[in-house]
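Structural overview
Letter by letter, the chains look like this.
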Amino acid sequence: MAASPMLAHAYFEGQIVPFGEAKISIGTHALQYGTGAFAGIRGYLDADGETINIFRLPDHATRLLNSAKLLRANLPFDRESLADTIVSLVEANAPTGDVYIRPFVYKSSVQLTPRLKGMDDELAIYMLSLGDYLDTSQGVKAAVASWVRIPDNAIPGRGKLSGSYINSALAKDEVEEKGADEAILLNTAGKVSEGSGCNLFLVRDGVLTTSPITGDILEGITRRSFLQFASDEGIPTEQREIDRSELYLADEAFFCGTGIQVAPIASIDGRPIGNGVPGPITARLRDIFFAIVRGQSDRYGHWVTHVRPRVAVAR
Ligand code: PMP
């Protein structure tokens with residue numbers, strides 16, 4: 001059996017505890033109704049082999065607190081104390097490789113009514129070892145799903161709300177069964193929204209284009225970073241509605257997000273994109289991203305929180 005990627009300690013009910021002791025009741029509201037919100041944060045092992053570089057930790061903390069606000073969750077955390085709690089768990093786990101950190105907020109009451117107000121809320125965090133989960137060097141196969149992205153006035157996709165990931169799961173299963181790696185969802189207006197767990201960019205005639213934050217997408221932190229890289233590199237960018245047929249005419253296309261990192265797209269619905277290998281703008285932006293997270297570039301240094309767990313433990 002493969003070794004568990006789960007790291008030894010979790011944060012649960014206000015304390016750092018062994019992962020196996022972080023358990024909840026089967027009657028928990030969030031388990032019944034999906035009334036939770038989560039974050040996905042990556043920590044990269046620096047080129048020095050010791051430091052863990054956490055990418056845009058304060059931004060992830062802010063987005064989780066915003067998602068919590070949508071859920072009317074009351075938590076005794078602000079952005080700084082939430083980020084500090086995440087760092088404490090990284091120090092306790094002292095990882096020796098790349099990690100994925102999963103903080104989540106959930107309605108912890110054992111309660112039958114599907115409502116948001118007046119319930120108990122908790123924060124829990126766990127971590128696992130995680131490398132690339134889709135090949136980021138070669139192109140991936142994408143397909144447009146028949147499942148439509150949940151509109152903001154049904155379940156707001158700009159929050160990372162647990163229950164809304166059923167929508168992602170339906171789309172992902174559908175396209176995987178057709179032999180694709182990742183889904184592209186259209187919104188109720190028929191415009192391109194995003195992947196099942198990532199944002200989407202196209203390049204057409206040298207312009208980097210992505211759907212607007214009012215297009216039923218998650219306000220992706222990697223998306224925002226790539227828009228910044230492009231504008232700093234002098235690459236024109238657009239955030240606007242994208243038609244399905246534009247997908248097929250793109251010179252380059254890629255998914256991005258914390259988990260997927262950067263995944264160039266080789267084909268959409270079986271139609272090749274560009275010449276089937278990562279295009280020059282995709283490759284340029286990807287290289288900037290990986291140089292930052294691996295500590296090989298000081299550019300955007302303010303986006304990286306450096307944690308040196310083994311040094312902290314020895315102190
Ligand atoms: N959209 C969805 C639906 C996602 O689950 C994710 C992953 N968090 C993203 C986009 C990318 O967001 P980020 O870059 O903040 O990870």
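Small disclaimer: the values here were computed from a predicted structure and weren't measured. (Residues numbered from 1 in each chain as written. Predicted model: local features only at pLDDT ≥ 70, side-chain atom pairs only at ≥ 80, totals over all residues. Heavy atoms only, no water.)

Right, let's talk about the site of the ligand for a bit. The ligand sits among 14 residues. The nearest are Arg63, Tyr165, Glu194, Thr222 and Thr258. Between a nitrogen atom of the ligand and a side-chain N or O atom of Lys160, the distance comes to 2.7 Å. In the model, an oxygen atom of the ligand is placed 2.5 Å from a nitrogen or oxygen of the Thr222 side chain. Compared with its free state, where it exposes 380 Å², the ligand has 97% of that area covered by protein. Of the residues belonging to the shell around the ligand, the class tally is four nonpolar, seven polar and three charged. (Near = heavy atom within 4 Å. Polar contact = N/O pair within 3.5 Å; in protein donor to acceptor, adjacent residues only side chain to side chain. Areas by Shrake-Rupley, 256 points an atom, 1.4 Å probe, with all protein chains shown as cover. Nonpolar A, V, L, I, M, F, W, Y, C, P; charged D, E, K, R; others polar.)

Glancing now at the environment of Ile101. Relative to the helices and strands, Ile101 is located in strand β6 (residues 99-107). Taking the C-alpha atoms as reference points, Ile101 and Phe229, separated by 128 residues in sequence, lie 24 Å from one another. Non-local contacts of Ile101, meaning those with residues more than four positions away in its chain, are made with Ala39, Gly40, Ile41, Ile54, Ile86, Val90, Ile125, Tyr126 and Met127. (Helix = DSSP H or I, 4+ residues; strand = E, 2+ residues; numbered from the N terminus. Contact = heavy atoms within 4.5 Å.)

Using the criterion set out here, one finds 19 salt bridges in the structure. For Arg56, the salt bridge identified is with Asp59, shortest N-O distance 3.1 Å. Residue Glu194 is joined to Arg149 by a salt bridge in which the shortest nitrogen-to-oxygen separation is 2.8 Å. Here Glu194, found in strand β10 (residues 192-195), pairs with Arg149, found in the loop between β8 (140-144) and α4 (165-177); they are 45 residues apart in sequence, far enough to count as distant. By the burial criterion, Glu194 is buried, and Arg149 matches it. One connected set of salt bridges, linked through shared partners, spans Arg204, Glu238, Arg240 and Glu246. (Salt bridge = Lys/Arg side-chain N within 4 Å of Asp/Glu carboxyl O. Buried < 20%, exposed > 50% of the residue type's maximum accessible area, 1.4 Å probe, protein only.)

Further remarks concern the pairing of β10. Looking at chain direction, strand β9 (residues 182-186) and β10 are connected through three bridges and run antiparallel. Residue pairing for β10: Leu185 is matched across the bridge by Glu194. Connecting β9 to the antiparallel partner β10 that follows it, the hairpin turn spans five residues, and Gly190 within it adopts a positive phi of roughly 85°. (Pairing = 2+ DSSP bridges.)

Here the focus is the pairing of strand β5 (residues 52-55). Covered by surrounding structure in β5 are Ile52 and Ile54 together with Asn53 and Phe55, the residues of both alternating faces. Here three bridges tie strand β4 (residues 41-45) to β5, and the two strands are oriented antiparallel to one another. Residue Gly43 lies in a different strand from β5, and its bridge partner there is Ile54. If you look at the hairpin formed by β4 and β5, you'll find six residues sitting between the two strands, and Gly49 has a positive phi there, around 80°.

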